[in-house]
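# Coordinate analysis (summary)
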Amino acid sequence: MSQFIAGRSTLRPSPRTTRSVALVALAALSALGACSGDEVIDPPFRDTISPRVQVGKGNTVADTVLSMTVTATDNIGLKRVRVVLAGGVSATYDTVMTSAVTTLTVNVNIKVPTNAPLGATVNARAIATDGAGNLSDTARVVLTVGNLEPPQAVVTSPVTGSPVVSGKSLVLSISGKARYKVRTLGYEIVGAYNIKDSVSYGNPLRDSLAVLDTLVVPDTVKGQLVTVTPFITDSLNQRVLGTPVQYAVQSPANATTVPVVRTGVANRLEVTDTVFVEATDPVGISVLGYEVRALTGQLLVADSITSTGGFSTLVRTFRSRLPVSVFPTLVTVSGFARNANGRRDVARFTSGALRLDTAAVVAGYTSPLPSGGQVADAFYFPRTDRIYLSNIERNWLEVYNMADSTFRAPIAVGSRPWGIAPWPRNRDGVMGDTLLIANSGGTNISYVDLRAGTTGREVFRYALPNIVAFSITTVRSQTSDQLITQRTLYDFSDRPQYLAATCSGNNAPGSPCQDVIAVYSTTPTPGQSMPFPNQGTIRWENLTQRSSHFFFEQAIGQSEGRSDTLEVYRYAAAGFGSDSLLVPYRQQVPNGNGGTFPYSIVVRLDRLAFRDTTFVRGSGNFRRAVFGEGGSVLGSRAMTYDATTGMDSLPPVPVIDRGISRPLDVTDFIANTFSRVQGVGVNFDGELNAVKGDSTYLFDRTLRLQGILQSRPSGGGLDFHPLNTGVNSTLRSRLAFIASSEPVIDVFDTYCYRKIAAIPIRDPIIGPVRATIRPNGQLVLVGATIRGVTVVALPDNFTTTCQ
């Protein structure tokens, strides 16, 4: 324990001064002696005013010092200021004044012992004494070793000074945070009555929490003050008191208050949305509700709840159902309340003016994810009438039931699920009861059986192979000056990202699928071989034959000044297929005259990989897929794939997939668009594709640009009408639905390239977009927003002036 004593000084009075003081004392004694009886009366000039003291954190200093600023005042003179530290560090600072001092400000720096643990809480208490012996209230401040932020507990509601009525319930709102997690959060009351309450938490502990507690003020407490002091205990069992708040207790009969009403409503309301209303009155709230009116004043809907009036604060989030079918429609929302004495009031501004919140009623219904997270992809399955969403942060599929707009039990899958695709059955778009899930946190694809369990169950994981590429070129040796063959390894990430399901077989409508082929992009990592860090690839995996293909066709050609011959190996994982040479370095091909000629694949290395994130979508008939290169730069590539064209059979080992876009078509697409890609779409038969960037570019299966839709750039996706087929579909299905940076869904004609409608919704779509038709014929759009999943029932009566 360290002690600091201020220097003392002594003032010696002169003889004349001494004589004057003695005469004054003698006169005072004579006056006292004239009083009869034994009663002792304090002199009228006795000091009864207590000093005041404040303590706060000092200026930023070294981590080895605890710094405080202490300020003390007194009307006549301070005698002593004492600071006591307890907890992680024990110390005392003590100063005694030897002369008349009415104001004192001192910076106190306490050296931290070397054995004090980092982050330990130190409670500092300061108290001042004046010359008459009056003591100040105790001032407190919490410090931590290392000058880290100490645990904090705060009473957030009601604010200090708020009136409280005896016999009523007071709702306390307390928040706390601690660097070393919150173990206990509570409060204690002293004054008119004493009570203590707290909530203890178990693992996993959190670093911040908020609690609500209902406190009943006894009937016997009237005309007094109660002091509520919050406290917090962290995982190191360090207990810290927060700032006390005081409330004056009144009798219900004497209270003349009216309710204070507060409403909370979004600027954009869905037909089924929430309206928050809170009312506070010391007498107690007996009725709480809200009204929604048209701008003309017509009442559209109202709702309220009743209470016994025992609670001084009543809070309710109402679920509204607005009778509105035209979007957007402007309305006003107002909250109201009545207290236990029968006094009624409505929501007001601080100035006292009536508060009417104006909101626009928009289309759609938004449901937050039950456990939070982030949606990467979504898929609607007609036979279950459910939407399945990959939640990459929770490692499961969210299951959204369309019939009652509720989430059901999620389906656990692999690590960081991303893309979703159905199991193909035939060219009419009929699906099996299995969903394929690309697990971007692993190197596998989950099979989910939708018939198992209550919502579905993962029944199988397909292990994707390790595919390794090599470039082989001839260089001159630096030591021997001879020409040598140099073989360079390129190891890419094998983790799947976006996924589309295709199948081989006849192209006629209704034809059954043969081999099921999953086409996917990969999740890049910084650890990939140079010059490909953070670049992905595109591949397909024949799930039926358990064979693979590495997309290189877009890179075929020779770079300036060098020639790189490609070689690609497949290394099977967990027995799925076999090790194989996908692209041999050199093959001998018969020339028809009894001889052979060498056959190799030469590529431009800079075009072999793709930027993160590369989008993939499959057509509804499972024949084709479209790819859009991600990234935040211009000049992104787009490609298409047809699962029915097969491999080029010229060499003994077929290596070129004829269904992949030709390299010349890929570069021509860049020249025609030169845009960044924010999403891709494909219509039912794959004859028309879309890439969303600064605008939306429509192109056919050969990558020939068809037209541009003047959409707005955003992080959201797009989709075609589920029945959109060919380059020029029928009039009612010739539509594309595109997310916007604004809270709207833009509807475009995909043949005349005009925007024909804008559907207002509550929040902008920031994730995937899926359009589908439910079994009842309802056209529905599903999109991921910042608040969760938005489902919009669309009218099927869009019209266009272009025939």
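Before reading further, recall that the structure is shown in the block above.
Residues numbered from 1 in each chain as written. Predicted model: local features only at pLDDT ≥ 70, side-chain atom pairs only at ≥ 80, totals over all residues. Heavy atoms only, no water.

## A look at the overall build of the chain
Of the regular secondary structure elements, the chain holds two helices and 60 strands. Over its C-alpha trace the chain gives a radius of gyration of 38 Å, far above what one expects of a compact globule, namely 28 Å for 803 residues. Structurally, the chain occupies a C-alpha span of about 145 × 85 × 45 Å along its principal axes. Residues counted as buried form 51% of the 803 residues belonging to the chain. Pairs at least 24 residues apart make up 60% of the contacts formed inside the chain by residues separated by at least 6 positions. If you sum the accessible surface of the chain, you get close to 37100 Å²; carbon and sulfur atoms cover 52% of it. (Helix = DSSP H or I, 4+ residues; strand = E, 2+ residues; numbered from the N terminus. Rg over C-alpha atoms; globule rule 2.2 N^0.38 Å. Buried < 20%, exposed > 50% of the residue type's maximum accessible area, 1.4 Å probe, protein only. Contact = heavy atoms within 4.5 Å. Areas by Shrake-Rupley, 256 points an atom, 1.4 Å probe, with all protein chains shown as cover.)

## Quick look at the packing of aromatic side chains
Going through the model one piece at a time under the given rule, you end up with 16 aromatic pairs. Linked through ring pairs, Trp 423, Tyr 447, Phe 460, Tyr 462 and Phe 576 together constitute an aromatic cluster. Sitting above the plane of the Phe 610 ring, Arg 637 keeps its charged end 4.3 Å from the centroid. (Phe/Tyr/Trp six-rings, centres within 6.5 Å; stacked < 30°, edge-to-face > 60°. Lys NZ or Arg CZ within 6 Å of the ring centre and 35° of its normal.)

## Looking at the sheet that holds strand E29 (residues 406-412)
If you trace the four strands from one edge of the open sheet to the other, you get E26-E27-E28-E29, paired in antiparallel fashion. With partners counted over all chains shown, the strands left at the sheet margins are strand E26 (375-381) and E29, one partner each. For this sheet, the mean inter-axis angle between neighbouring strands, taken without regard to orientation, is 25 degrees. (Pairing = 2+ DSSP bridges. Axes fitted to C-alpha atoms, helices over the stretch in contact; angles between N-to-C directions.)

## Structural notes on the state of the cysteines
By the definition in use, this model includes one disulfide. Covalently, Cys 503 is tied to Cys 513 through a disulfide, its sulfur atoms 2.2 Å apart. With the S-S bond torsion at -45 degrees, the cross-link from Cys 503 to Cys 513 turns out left-handed. With Cys 503 in strand E36 (residues 496-503) and Cys 513 in the loop between E36 and strand E37 (516-522), the pair connects residues that are 10 residues apart, well separated along the chain. (Disulfide = S-S within 2.5 Å.)

## Concerning the pairing of strand E52 (residues 696-700)
Within E52, five of the five residues are buried, which leaves it mostly tucked inside the rest of the structure. Residue alternation in E52 divides its side chains into two sets, Thr 696, Leu 698 and Asp 700 and Tyr 697 and Phe 699, and both sets are buried. Sheet topology note: the strand E51 (residues 688-692)/E52 ladder contains five bridges and is antiparallel. Directly across from Val 691, in E52, lies its bridge partner Tyr 697. Between E51 and E52, which pair antiparallel in sequence order, lie three residues. Sheet analysis places E52 next to strand E53 (residues 705-709), joined by four bridges and oriented antiparallel. Across the sheet, residue Tyr 697 finds its bridge partner in E53, namely Ile 708.

Geometry only, nothing functional implied.
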